[in-house]
Amino acid sequence: MAEEEALGAVGEADKAGGAAKKGAEPKKADYRLEDTRLDGKLEDWPMEPPKAAKTNLERARLELIASPGEVHRLAGRFSDVGRASKLATAFVRAKPSTLYAGATGAFEARPYFDPSLRKWRVAARYVPGETDVALQS
């Protein structure tokens with residue numbers, strides 16, 4: 001019970017940005033540590049969940065990891081191939097494993113000319129590695 005109260009007090013201190021108020025009722029823990037028991041056996045250690053995407057770029061890369069091999073278009077439109085090439089080069093520099101631990105492959109991207117828009121675009125995809133673990137959403 002003392003551990004549970006300590007967990008509640010630590011939680012309150014963290015939320016307030018400092019020490020818990022003296023005499024304040026400690027928040028009850030969501031789960032009592034003393035009620036913990038085993039509930040079956042797992043074959044392997046579970047994969048780390050994907051990190052929460054904070055930017056549009058991270059969301060795009062996670063979406064590519066979730067659909068390996070599928071070719072998608074990035075949202076930029078360029079008047080010349082040089083600018084499209086710079087975006088493609090910058091896009092592939094990221095390591096997919098920084099967003100999802102099970103991703104062992106690589107991003108690919110290349111510029112292409114879209115005749116309907118008369119603009120340069122960038123196609124991108126995620127090519128999975130041999131030991132890739134599918135993204136669990």
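Residues numbered from 1 in each chain as written. Predicted model: local features only at pLDDT ≥ 70, side-chain atom pairs only at ≥ 80, totals over all residues. Heavy atoms only, no water.

A.B. asks: Explanation requested: the pairing of strand β3 (residues 119-127) in the structure shown.
C.D. replies: Every other side chain in a regular strand lies on the same face of the sheet, so the side chains alternate between the two faces. With two bridges joining them, strand β1 (residues 72-73) and β3 adopt antiparallel strand pairing. Among the inter-strand pairings, Arg73 is bridged to a residue of β3, identified as Ala123. The pairing of strand β2 (residues 106-114) with β3 spans nine bridges and is antiparallel. Residue pairing across strands places Ala109 opposite Ala124, the latter belonging to β3. (Pairing = 2+ DSSP bridges. Helix = DSSP H or I, 4+ residues; strand = E, 2+ residues; numbered from the N terminus.)

A.B. asks: How should I be thinking about helix α2 (residues 56-66) in this particular structure?
C.D. replies: Helical geometry: 3.6 residues make up each α-helical turn, so side chains three or four residues apart lie on a common side. Buried within α2 are the following residues: Arg61, Leu62, Leu64 and Ile65. Down the axis of α2, the buried side of the element spans an arc of 160°, and every buried residue falls inside it. Set apart from the buried face of α2 by more than 90 degrees, the exposed residues are Asn56 and Glu63. Against the buried residues of α2 lie β1, α3 (81-92), β2 and β3. (Buried < 20%, exposed > 50% of the residue type's maximum accessible area, 1.4 Å probe, protein only. Arc of directions from axis to C-beta. Contact = heavy atoms within 4.5 Å.)

A.B. asks: Any chance you could explain the confidence of the model for the protein chain here in plain terms?
C.D. replies: Atomic detail in the predicted coordinates should be set aside for any region of low pLDDT. Of all residues in the protein chain, 80% attain a pLDDT of 70 or more, and the chain-wide mean is 83. The low-confidence segment residues 1-17, where pLDDT is below 50, has 15 contacts with residues more than four positions distant or belonging to other chains. (pLDDT = per-residue confidence, 0-100.)

A.B. asks: Before we go on, may I ask you to explain the nonpolar core in this structure?
C.D. replies: Across soluble globular proteins, nonpolar side chains have a tendency to be buried as a group. In terms of nonpolar packing, the biggest core is built from 16 residues, with Leu64, Ile65, Phe91, Phe107, Val122 and Tyr126 touching the most fellow members. Elements represented by at least two residues in this core include exactly α2, α3 and β3. Residue contacts for Val122: discarding those within four places in its chain leaves His72, Arg73, Leu74, Phe78, Ala84, Leu87, Ala88, Ala109, Arg110, Pro111 and Tyr112. (Core = buried A, V, L, I, M, F, W, Y, C linked by side-chain atoms within 4.5 Å.)

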